[in-house]
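Results of the structural survey
Single-letter residue listing:
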Amino acid sequence: MASMFKLALQLAVALAALPQAIATPHANGTYDYIVIGSGPGGSITATNLALAGQSVLLIEAGRDATGDLSTEIAALSFPGTPDLRWSFFVKHYSNQTQELRYNHLTWLLPDGSYWVGSGARAPPDAKLLGVYYPRGATLGGSAIVNAMGTLLPNDADWDYIANITGDASWKHDGMRAIFEKVERNHYLPTNTPGHGFTGFMDTYNSRSSYYNRTPGKVAQFKTLVSQLGGDPSQIFSLLERDVNYVSDHRDTDNGEFGLPSHTDQIGRRWSPRDMIKATANATNSDGSKKYRLTVQTDSLATRVLFSRGDASAKAKPRATGVEFLEGRGVYKGTWKYDPKAAPKGVRKAAYAAKEVVVAGGAFNSPQILQLSGIGDQKHLQALGIDVVIHLPGVGANLRDNQELPVVGHGAGNFTAASDPSAAVCTNGAQGDPCVDLWRQGQGPYAGPRGNSECTIVTTKHSPNGKRDLLMFGAPAVFRGFWPATNQTDPGLFTDPPNTTWSSIVRMTSVNRAGYVRIRSADPTDTPDINLEHYGNDAETDLGAVEDAVALMRRVFADIPAPYGPVVGSEPPCPAGYGADGYCKDHAQDRQWILDQTFGHHAAGTCAIGADGDPLAVLDAAFRVRGVDGLRVVDASVFPLTPGAFPVLATAMVAQKASAVILAGGA
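This section reports on the structure supplied with the text. Predicted, not measured: the structure shown is a model, and the values here were computed from it.

**Notes on the overall build of the chain**
Scanning the chain from N- to C-terminus turns up 14 helices and 23 strands. A buried classification covers 60% of the 666 residues belonging to the chain. Across the chain, the fraction of contacts at a sequence separation of at least 24, relative to all contacts at a separation of at least 6, is 70%. For the chain, the accessible area works out to roughly 24,800 Å², and carbon and sulfur atoms hold 53% of it. Side-chain charges in the chain split into 58 positive and 64 negative, and the spacing between the mean points of these groups amounts to 4 Å.

**Let's talk about helix α5 (residues 172-182)**
Regarding α5, the residues found buried are M175, R176, I178, F179 and V182. Looking straight down α5, one finds that the buried residues subtend no more than 160 degrees of arc, so they occupy a single side. Seen from the open side of α5, the exposed residues pointing more than 90 degrees away from its buried face are D173 and K181. Where α5 is buried, its residues meet α4 (155-165), β7 (183-185), β8 (201-203) and α14 (647-662).

**Thoughts on the state of the cysteines**
Taken as a whole, this structure holds 2 disulfides when the rule is applied. At a sulfur-sulfur separation of 2.1 Å, the disulfide partner of C425 is C434. Given an S-S torsion of about -85 degrees, the disulfide between C425 and C434 has left-handed geometry. Disulfide partner of C573: C583, at an S-S distance of 2.3 Å. Of note, the bridge from C573 to C583 carries an S-S torsion of about 95 degrees and is right-handed in sense. Pair noted here: C573 is in the loop between β22 (567-570) and α13 (586-596) and C583 is in the loop between β22 and α13, with a separation of 10 residues, a long-range link. Neither residue differs from the other here; C573 and C583 are each classed as buried. When the cysteines engaged in disulfides are numbered in sequence order, the chain pairs them as 1-2, 3-4.

**So, the packing of aromatic side chains**
Using the criterion set out here, one finds 18 aromatic pairs in the structure. Seen in terms of ring centroids, F88 and Y331 are 6.3 Å apart; in terms of plane orientation they differ by 70 degrees. Their pairing is edge-to-face. You can see F88 sitting in strand β3 (residues 85-90) and its partner Y331 sitting in the loop between β12 (318-326) and β13 (346-358), a full 243 residues away along the chain. By relative accessible area, which is 1% here, F88 ends up buried. With a relative accessible area of 2%, Y331 lands in the buried category. Here the aromatic rings of F200 and W270 are separated by 6.3 Å at their centres, their planes lie at 35 degrees, and the arrangement is tilted. A residue pair is termed long-range when its members are at least 10 positions apart, and F200 in the loop between β7 and β8 and W270 in the loop between β9 (255-258) and α8 (272-280) qualify at 70 residues. Among the residues examined, W270 registers a relative accessible area of 1% and is labelled buried. A network of ring pairs unites the aromatic residues W86, F88, Y133, Y331 and F363 as a single cluster. Here the basic side chain of R517 rests over the ring of Y515, its NZ or CZ set 3.7 Å away from the ring centre. Across from the ring centre of W170, 4.9 Å away, lies the NZ or CZ of K656, which sits over that ring.

**Quick notes on empty space enclosed by the protein**
Counting across every chain of the model gives 5 cavities of 30 Å³ or more. In this model, the largest cavity occupies a volume close to 60 Å³. Counting residues per element, the ones that place at least two in the lining of the largest cavity are α6 (215-227), β17 (453-457) and β18 (469-472). The biggest single contributor to the lining of the largest cavity is α6, with 3 residues. For the lining of the largest cavity, a count of residues per class yields 4 nonpolar, 4 polar and 2 charged.

**A short note on the sheet that holds β22**
Sheet strands line up and pair through hydrogen bonds in the backbone, either parallel or antiparallel. Strand order across the open sheet formed by 6 strands is β9-β17-β18-β19-β16-β22, with antiparallel pairing between neighbours. Every interior strand has two partners, whereas the edge strands, β9 and β22, have only one. With direction set aside, neighbouring strand axes in the sheet form an average angle of 30 degrees. Where α6 meets the sheet, its contacts fall on β9, β17, β18 and β19 (499-506), and the angle it forms with β19 comes to roughly 50 degrees. Strands β16 (403-409), β17, β18, β19 and β22 of the sheet are contacted by helix α12 (residues 538-558), whose axis makes an angle of about 155 degrees with β19.

**Some remarks on the layout of surface pockets**
By volume, the second largest pocket amounts to about 590 Å³. Listed by contribution, the elements that provide at least two residues to the lining of the second largest pocket are β3, α3 (96-99), β6 (127-136) and β21 (528-530). Its residues assigned to classes, the lining of the second largest pocket comprises 11 nonpolar, 7 polar and 7 charged.

**Digging into the pattern of salt bridges**
Under the definition given, this model contains 26 salt bridges. With a closest N to O distance of 3.8 Å, E72 and R268 form a salt bridge. Remark: R268 occurs in the loop between β9 and α8 and E72 occurs in the loop between β2 (56-59) and β3; sequence separation between them is 196 residues. Taking the shortest distance from any N to any O, the salt bridge between D541 and R506 comes out at 3.0 Å. A residue pair is termed long-range when its members are at least 10 positions apart, and D541 in helix α12 and R506 in strand β19 qualify at 35 residues. Here the salt bridges do not stand alone but share partners, grouping E72, R268 and D274 into one network.

Thresholds, definitions, all that
Residues numbered from 1 in each chain as written. Predicted model: local features only at pLDDT ≥ 70, side-chain atom pairs only at ≥ 80, totals over all residues. Heavy atoms only, no water. Helix = DSSP H or I, 4+ residues; strand = E, 2+ residues; numbered from the N terminus. Buried < 20%, exposed > 50% of the residue type's maximum accessible area, 1.4 Å probe, protein only. Contact = heavy atoms within 4.5 Å. Areas by Shrake-Rupley, 256 points an atom, 1.4 Å probe, with all protein chains shown as cover. Lys, Arg positive; Asp, Glu negative; His and termini not counted. Charge placed at Lys NZ, Arg CZ, Asp CG, Glu CD. Arc of directions from axis to C-beta. Disulfide = S-S within 2.5 Å. Phe/Tyr/Trp six-rings, centres within 6.5 Å; stacked < 30°, edge-to-face > 60°. Lys NZ or Arg CZ within 6 Å of the ring centre and 35° of its normal. 1 Å grid on protein atoms, 1.4 Å probe; cavity = no way out; pocket = protein on both sides within 12 Å on 5 of 7 lines; lining within 4 Å. Points joined across faces, edges and corners; volume = space filled by probe spheres on them. Nonpolar A, V, L, I, M, F, W, Y, C, P; charged D, E, K, R; others polar. Pairing = 2+ DSSP bridges. Axes fitted to C-alpha atoms, helices over the stretch in contact; angles between N-to-C directions. Salt bridge = Lys/Arg side-chain N within 4 Å of Asp/Glu carboxyl O.

Written as structure tokens, this is what we have:
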């Protein structure tokens, strides 16, 4: 198997030369395994099963976007290609009054265009859609469209899963060994302990020289390092400090680090599509297919099929196949979905001799299970769906990082200085000279990049005494996501050049009140998604975010001239804030945090849990409880938020799941 895997990795290097067409699927065929969803969970699992000699059908609702430069060159990721993202519109709260206070709600105008703003400002003829929450709608899933942050969770997060399940293989040392198999590191000396250099997932930490263009941000970083007791003179070394290092004290180590991305050293995005295409297109010397991996794109999985077994023997229902709709754009989450023009799709089915693996992500995996009759029986019965097994945890426990920018205005200009000698790039348009340079490993697209630093701290509200909050300086103020709009309101969509900021990401949120519930038995509908921020133990999560706001205000106040001092503007705090950075009226800060928190790292909706936990959907081996032949492998399996960015943890989970499945499920 190792030699086959090595060959697949070598093939991945030459992806640009591979044909876009993947093997013709066998409609109504039988495979050893069927995997639903091609994000990090599904693609890695499907590839590993195929490399081990199994026949695998991988079903993906989106299209194959190979050849789209925005999916390959990291510098072109944003805004990217709109139709490569599912357009979910979610809720932050059940309380409508609170919901309408968010400044970046998306509304639909009568002419079909979008308007973005709070309920208080919305045009009278606008229809509320909700909070825009894009997910990957293409071969490779959200790893094709994300910001590529590649950060290990705290060791304690893995140990938590081991403790609740009694399965020691989940402990952090075992998961570190899996990380070493997954990673293909491009930024550390070979054989650095705790890292991998021959895996499939590229990781790279951009050079700190990027920040020579932003001396104001460097002044801010130095001030933050000082606030945390570090040495600001070492700032450029700290900006390249390895955040994924192995140590017994990693969970409590506060300070400035580099923020790696899943790219190589010239800014080529790694995605699971690399593995899928290398494996599916590999051939033997006679031209025959080397591996039995079939990829079915533009196909929406509608339900898992079951055999009921012998009722007298009390056999569990067993997953035997998958029903799907073949046709591009049948899902109502499709970009600019038009019900009048949308295809109905061709209904097909495929069958699994061994198992079905659901890997649709934190929104679509619970949707598929519920459509298949697995979920809360009252909810399913109300929609006319036959109940296969009552599992009320399906779609519950929706977890997300609470995110919020802290913004201020200083005495100097914080924007990046342009390089007059650099090539003039055209964002990947036809004839873009920077693309040709990039292919040679040169030019702006291949150079040092922003969004490559982070600070991790332990707040006064850490639930377990471990570091619980990450801050990073995105290339611009990051207030969430919304569809393209012509609006330019200052402070909402644009900011003056003397603006500085830090984005807050709550790593260990204790909130578990969110949910994903299907609205109907129609598989083309998007589900009802409510993050219900701060719905459980609000004091812990609100307090942690408030602690980070106060820290950044102290930093702003101490930034030296000519850039500082900086006066905080978001959260606004009309009562004023003291030397400790806390608003004199705590309620003002907390209301702003409630109003403007967002998230985009959903997890937890098919959670692994302890035997006897009524909300546990999976056991420690990813098996759906109460049925046979069915597993879930994606970010929905986590019982808690997997750190600040879920992609690496999800890749590790998929690698683990592959080994578990091939070992017979134990």
